[in-house]
Amino acid sequence: MVVSYSHEPFINFKEENNTRRFQESLAYIKTQLGKHYPLVINGERIETDEKTLSFNPANKDEVIGSVSLANKELAEHAMQSALDAFESWKKWLPEHRADILFRAAAIMRRRKHEFSSYLVKEAGKPWNEADADTAEAIDFLEYYARQVIELKDGVPVKSRQGEYNQYNYVPLGVGIIISPFNFPLAIMAGTATAAIVTGNTILLKPAGATPVIAAKFVELMEEAGLPKGVLNFVPCRGAEVGDYLVEHPKTRFISFTGSREVGCRIYEKAAKVQVGQKWLKRVIAEMGGKDTVVVDKDADLDLAASSIVYSAFGFAGQKCSAGSRAVVHQDVYDEVLEKAVTLTKKLTVGNPEEVSTYMGPVIHEASYKKIMSYIEVGKEEGKLIAGGNGDDSKGYFIQPTIFADVDENARLMQEEIFGPVVAFSKAKDFNHMMEIANNTDYGLTGALLTQNREHIERAREEFHVGNLYFNRGCTGAIVGYQPFGGFNMSGTDSKAGGPDYLLLHMQAKTTSETF
Ligand code: NAP
């Protein structure tokens, strides 16, 4: 029997016991640094000549580990292994596949701090953010395992007299899972296991900046009993080997999470039918965001300011759901801005290994440079009223930055920066607020702070985003509670952690028998 699902609780780091355990875990991870992680193809460890190093973004000199990189030949080998493994894995009972995920969740729960500590070290996540990432990974494992059990007998359809109709879901084939750096455990594990639990086999390509945490997850799945060849670990250069896999005629589906630029490229390449290809590839593409926190004139202004600040600066603004735009009613604009600046100035920026740090570094040099160049753009487009400085001498640190009085069409209000930068824009009235909120190519998350019931109902209809929140910030979706995915250029709205998600990894088959 399936026990009812409730999400993994977050660790309270105000409790001394928890703090001590986490510190011990960080100390343990330090002893693990610098190890090498090979490819895993059909259960076999393969070391390659070409390797990549993974660094601590808070301390550029610290190597987290080295990882072998696949070339096209090894990617082909992984594809063949996944094709072979599919023939047996697809026949496993869904509940037996689910058991592996339940076991993986249990192991990860026991080693929670260890996984979170890798997230601190490799992704620069502060403790709370790292803990939330691990908790979400556990949630995905638990939730998808339960979901597949619900779907295992298909959905009832009508049968006329003398007839027996059935409607079942069958796996697709080999999928390519391509994951981003910003939820290097949760999104990687969630997208990988949704594909696996539904009977597919996969090639997993982790983000270039965060391959070690992915390698640790692959080890965990083996420990949980996943048969060889079901999950093939193929770190590789996205632009070269990624294209090869996306274009491969035997690729049945691609599950991508990352930037709009790469997502659109994959979507286009996958659409082209290759010689020997017998199907149209399915593409799940969850891409960028330009998410807005909207503040109405009668909102609780303290709540509004804190919602803006924590949505903008959690994990240094490197969340697809980050609130990088604040649209505030003119009557309360100055007050909300002032409150937000006061809160922002209190945020601690520094080494994520310290429990007191609110915001760590951004992920790497390219990201640092891109964000700093947007800060220069911001100085032209608005008034810099908080932050604005960076320091990349030891790690890639950027102060939480606020620009005021930015025009709704400015680059700062339109382009995804993916860093700790928020732009404030003033709105005349509620219509104007909705207009600015929807004036973006994206449509991932949004929040409305208001006590006006009519405005809540109107926003439910008019605010065109995949995840809309009232009287809170726009980040922090929980698996099974707030299924996640965006509209427009934010992607295919696959709704990770939701009741429809697994169906994207299967195809429905109707059988009809006449007696
Ligand atoms: P990214 O640069 O697009 O990379 C994502 C993944 O794609 C990485 O594994 C990358 O590999 C790979 N890749 C790059 N070029 C490729 C190619 N030609 N073919 C196949 N794969 C290729 O994104 P990111 O910087 O890691 O993540 C940040 C972005 O993800 C933001 O835009 C954010 O909004 C978005 N995101 C969206 C969601 C959502 O649910 N909508 C969730 C999280 C993040 P390399 O790292 O090796 O280049």
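First, a word on what this report is: a plain description of the structure on this page. (Residues numbered from 1 in each chain as written. Predicted model: local features only at pLDDT ≥ 70, side-chain atom pairs only at ≥ 80, totals over all residues. Heavy atoms only, no water.)

With respect to the packing of aromatic side chains
- Applying the stated criterion across every chain yields a total of 14 aromatic pairs.
- A ring pair is formed by Tyr143 and Tyr144, whose centres lie 5.9 Å apart and whose planes are at 65°; its orientation type is edge-to-face.
- Pairwise contacts between aromatic rings join Tyr5, Phe140, Tyr143, Tyr144, Tyr481 and Tyr501 into one cluster.
- Positioned over the ring face of Tyr442 is Arg260, at 5.4 Å from the centre of the ring.
- A cation over an aromatic ring shows up here: Arg472 above the ring of Tyr469, its NZ or CZ 3.9 Å from the ring centre. (Phe/Tyr/Trp six-rings, centres within 6.5 Å; stacked < 30°, edge-to-face > 60°. Lys NZ or Arg CZ within 6 Å of the ring centre and 35° of its normal.)

Concerning the packing of helix H4 (residues 112–123) against helix H7 (residues 211–223)
- Here H4 crosses H7 at 160°, and the two axes come no closer than 9 Å. Here H4 is positioned roughly antiparallel relative to H7, judged by the angle of their axes. Note on packing geometry: the crossing formed by H4 with H7 is right-handed. Here Glu114, Phe115, Tyr118, Leu119 and Glu122 of H4 lie close against H7, whose contacting residues are Pro211, Val212, Ile213, Lys216, Phe217 and Leu220.
- Class assignment for the residues of the contact of H4 with H7 results in eight nonpolar, no polar and three charged. (Axes fitted to C-alpha atoms, helices over the stretch in contact; angles between N-to-C directions. Helix = DSSP H or I, 4+ residues; strand = E, 2+ residues; numbered from the N terminus. Parallel < 35°, antiparallel > 145°, perpendicular 65-115°, else oblique. Left-handed = near helix turned anticlockwise from the far one by under 90°. Contact = heavy atoms within 4.5 Å. Nonpolar A, V, L, I, M, F, W, Y, C, P; charged D, E, K, R; others polar.)

A look at the packing of helix H6 (residues 186–197) against H7
- Axis separation between H6 and H7 bottoms out at 10 Å; the angle between their running directions is 40°. Considering the angle they form, H6 stands oblique to H7. Pair H6 / H7 crosses with right-handed handedness. For the pair H6 and H7, contact is made by Met188, Ala189, Ala192 and Thr193 and by Ile213, Ala214, Phe217 and Met221, respectively.
- Residues belonging to the contact of H6 with H7 are distributed by class as follows: seven nonpolar, one polar and no charged.

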